[in-house]
Amino acid sequence: AISRHQKILIASHHPIFTIGKHSKKRSWQFPKALKDQDIYHPLYRDMRTRMEKILSQKKYPITYSSGHDHVLGYFYKDSVQYLVSGAGSKSSRYNDRKNQDFNPAPREDIPGSQFAKVKEGFFELDYTAGDVRIKAVYYEENKAHSAFIR
């Protein structure tokens, strides 16, 4: 960005933060124990650490939008808004056997989620009001619902 008054939107596949299925902590080491698609795999963690460091150094209004995890989630940290919008056509719970929608004990590096749904849907971003307005649109019982996040 040329000035602090400009807004930056980054569109990526992989989220920096999530409390969905890809936030599982796997404690045992064996081939395939750590999936490279999970945020705590060493290569994925390295990418997350580098991206978060770069983004946190900027003092611009940044929105980092991603998919990958089949949930809707919103996180805020160091003036950066993080969206996880991977539930456009399907949603996936964290653990079906334990009846858990989200990770019940995310690691301390995950900021508190200000919005989380395991429903099909998407986010709308509106840049016309001088700031970024974010609205979640999700479907429940074949009916559209919406919630303003920010």
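Since this is a predicted model, take the numbers as computed values, not measurements.

## A look at the environment of K119
Tracing the sequence through the fold places K119 in the loop between β5 (113-117) and β6 (121-126). Judged by relative accessible area, which is 27%, K119 ranks as partly exposed. Separated by 33 residues in sequence, K119 and G86 place their C-alpha atoms 10.0 Å apart. Beyond its immediate stretch of four places on either side in the chain, K119 contacts L72, A87, S91, Y138, Y139 and E140.

## With respect to the pattern of salt bridges
Two side chains bearing opposite charge may form a pair once their charged atoms approach each other closely. Taken as a whole, this structure holds seven salt bridges when the rule is applied. The residue R93 makes a salt bridge to D96 at a minimum N-O spacing of 3.7 Å. We classify D96 as exposed; its relative accessible area is 52%. Note that K135 is salt-bridged to E124, the shortest N-O span being 3.5 Å. With a gap of 11 residues between them, K135 in strand β7 (residues 133-140) and E124 in strand β6 connect regions that are remote in the sequence. Take E124: its relative accessible area is 37%, and that puts it in the partly exposed class. Each of R93, D96 and D101 takes part in one network of salt bridges that share partners.

## A few points about the nonpolar core
By size, the foremost hydrophobic cluster in this structure holds 18 residues, and its most contacted members are F17, L55, F75, Y82 and I110. Counting only elements with at least two residues in this core, the list comes to α1 (42-57), β2 (62-66) and β4 (80-85). Among the elements that take part in this core, β4 stands out by supplying three residues, more than any other. Apart from residues no more than four positions distant in its own chain, L55 is found in contact with I10, I62, Y64, V80 and Y82. Membership of the second largest hydrophobic core comes to 11 residues, among which are Y74, A87, V132 and Y138.

Each value, and the rule that gives it
Along each chain, numbering runs from 1 in the same order as the chain's sequence is written. At least 70 in pLDDT is required for a residue's local features to be given in this predicted model, at least 80 for side-chain atom pairs to be given and counted, and no such filter applies to totals for whole chains, interfaces and linings, which use all residues. To get the side-chain values, all heavy atoms of the structure are used, and hydrogens and water are removed first. By the criteria applied, helices consist of DSSP H or I runs no shorter than four residues and strands consist of E runs no shorter than two, each listed in order from the N terminus. A simple rule labels every residue: compare its accessible area, found with a 1.4 Å probe on the protein chains alone, to the largest value its type can have, and call it buried under 20%, exposed over 50%, or partly exposed in between. Residue contacts are counted whenever heavy atoms from the two residues lie within 4.5 Å of one another. In what follows, salt bridge is the name for a side-chain nitrogen of Lys or Arg lying within 4 Å of a carboxyl oxygen of Asp or Glu. What makes a nonpolar core is a set of buried Ala, Val, Leu, Ile, Met, Phe, Trp, Tyr and Cys residues whose side-chain atoms join them at distances within 4.5 Å.

Structural measurements only, silent on function.
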